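In case you want the letters, here they are:
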Amino acid sequence: MKIISEYDNGNYHIKLYEDGTKEKTTNDDKFVASFPDSIDLKITNYCDMSCPMCHERSNIEGKHGNLKYKFLETLPQGIELAIGGGNPLAHPKLIEFLTRMKAKNIICNMTINETHLFQNIYFVKSLLDKKLIYGLGVSINKYNKELIDFINDYPNTIIHVILGIVDWNKLIKITDNKAKILILGYKKFGRGISYFNEDIIKKINDTENIIEKITSHFGVVGFDNLALKQLHIKNHLSDDEWNKFYMGKDGEATMYINLVKERYAVSSTSVVTYKILDDIKDMFNNIRK
């Protein structure tokens with residue numbers, strides 16, 4: 001598999017492969033980063049979906065973020081940006097930004113909604129074909145069978161689902177064992193606070209009961225740290241498996257930056273946030289502290 005990014009970060013070495021696999025190696029007992037090797041970057045709060053569980057509270061009145069902050073020029077080569085919103089496809093400076101990041105050898109990935117994918121299918125394909133984005137996360141809402149045809153053409157597409165929201169019966173019916181899936185924990189934040197109810201709790205518990213069925217159905221299954229906690233995934237793995245696959249706590253080698261609010265934090269649900277600075281290493285040092 002082709003390596004698209006390789007660099008040193010702190011006391012470890014990173015190889016990022018074309019299929020999205022990230023490999024970290026170190027001679028020490030733990031990984032200690034000097035800068036984030038992955039940044040969750042919110043570029044807009046505009047979205048016409050108004051999903052009732054959206055922890056970002058995105059809507060049609062949402063503003064676009066400034067894509068010319070000084071810290072963006074200090075990003076180390078090879079790191080990943082996980083670009084989101086809102087609907088990032090709606091940002092008027094998106095192409096200019098992605099082109100600039102590609103020239104700096106920054107690996108850009110993006111998360112969009114299933115509806116927005118098919119509304120902008122040719123535009124999204126062009127972004128992937130030109131390698132302006134490498135990985136595409138698609139949040140499921142309609143369980144469209146056409147998504148599988150898209151995944152077959154663009155295998156770096158990852159299905160994103162939210163615990164307590166996803167209907168596993170519908171999803172498994174339209175997918176096959178080649179599909180990649182990222183399971184996200186339910187965030188009781190933003191509109192997710194008022195939307196939370198007993199039915200969501202039940203669905204989360206039901207998901208844990210069928211986790212082996214889920215992991216055997218898809219080609220690759222990943223979890224964010226919140227989903228790992230809500231599903232007690234560590235209890236389902238051996239110590240060796242956990243040590244091999246666990247990528248660390250939020251903030252150890254990752255961070256969140258909100259270009260709309262001009263703030264950064266450990267994650268998108270952090271209560272404590274900081275004003276954006278001119279250098280990414282200064283920002284990351286504050287996160288590590």
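Below, the structure is looked at part by part. Not measured: the values here are computed from a predicted model. Think of each chain on its own: its residues are numbered from 1, step by step along the sequence as written. Residues qualify for local features only when their pLDDT is at least 70, as the model is predicted, and side-chain atom pairs are given and counted only at 80 or more; totals for whole chains, interfaces and linings, by contrast, use all residues. To get the side-chain values, take all heavy atoms of the structure and skip hydrogens and water.

Attention shifts here to the packing of aromatic side chains. Side-chain rings of Phe, Tyr and Trp (the six-membered ring for Trp) are treated as a pair once their centres are within 6.5 Å; stacked means planes under 30 degrees apart, edge-to-face means over 60, and tilted covers the remaining angles. Overall, the coordinates contain seven aromatic pairs when judged by the stated rule. Centre to centre, the rings of Y186 and F196 are 5.4 Å apart; their planes meet at 45°, and the pair counts as tilted. Of this pair, Y186 sits in the loop between β9 (180–184) and α6 (192–195) while F196 sits in the loop between α6 and α7 (198–209), and the two are 10 residues apart along the sequence. Classification of Y186 by relative accessible area gives buried; the value is 3%. Relative to Y246, the ring of W242 lies with its centre 4.5 Å away and its plane at 15°, an arrangement referred to as stacked. When a residue's accessible area, from a 1.4 Å probe over protein chains only, is under 20% of the maximum for its type it is buried; when over 50% it is exposed; and in between it is partly exposed. Assessed through its relative accessible area of 29%, Y246 is described here as partly exposed. In this scheme, Lys NZ or Arg CZ marks a charge over a ring once it lies within 6 Å of the ring centre and within 35 degrees of the ring normal. Across the ring face of F196, the terminal group of K188 is positioned such that the distance to the ring centre comes to 4.6 Å. Working definition: helices are DSSP H or I runs of at least four residues, strands are E runs of at least two. Numbering for both runs from the N terminus.

Attention now goes to the environment of T215. Along the chain, T215 turns up in helix α8 (residues 211–217). Distance from T215 to I181, taken between C-alpha atoms, is 9.3 Å for residues 34 residues apart in sequence. Engagement of the side chain of T215 in a polar contact is seen with the backbone oxygen of E212, the distance being 3.0 Å. Think of a polar contact as two N or O atoms within 3.5 Å of one another; within protein, one of them needs to be a possible hydrogen donor and the other a possible acceptor, and neighboring residues in sequence only count if both atoms come from side chains.

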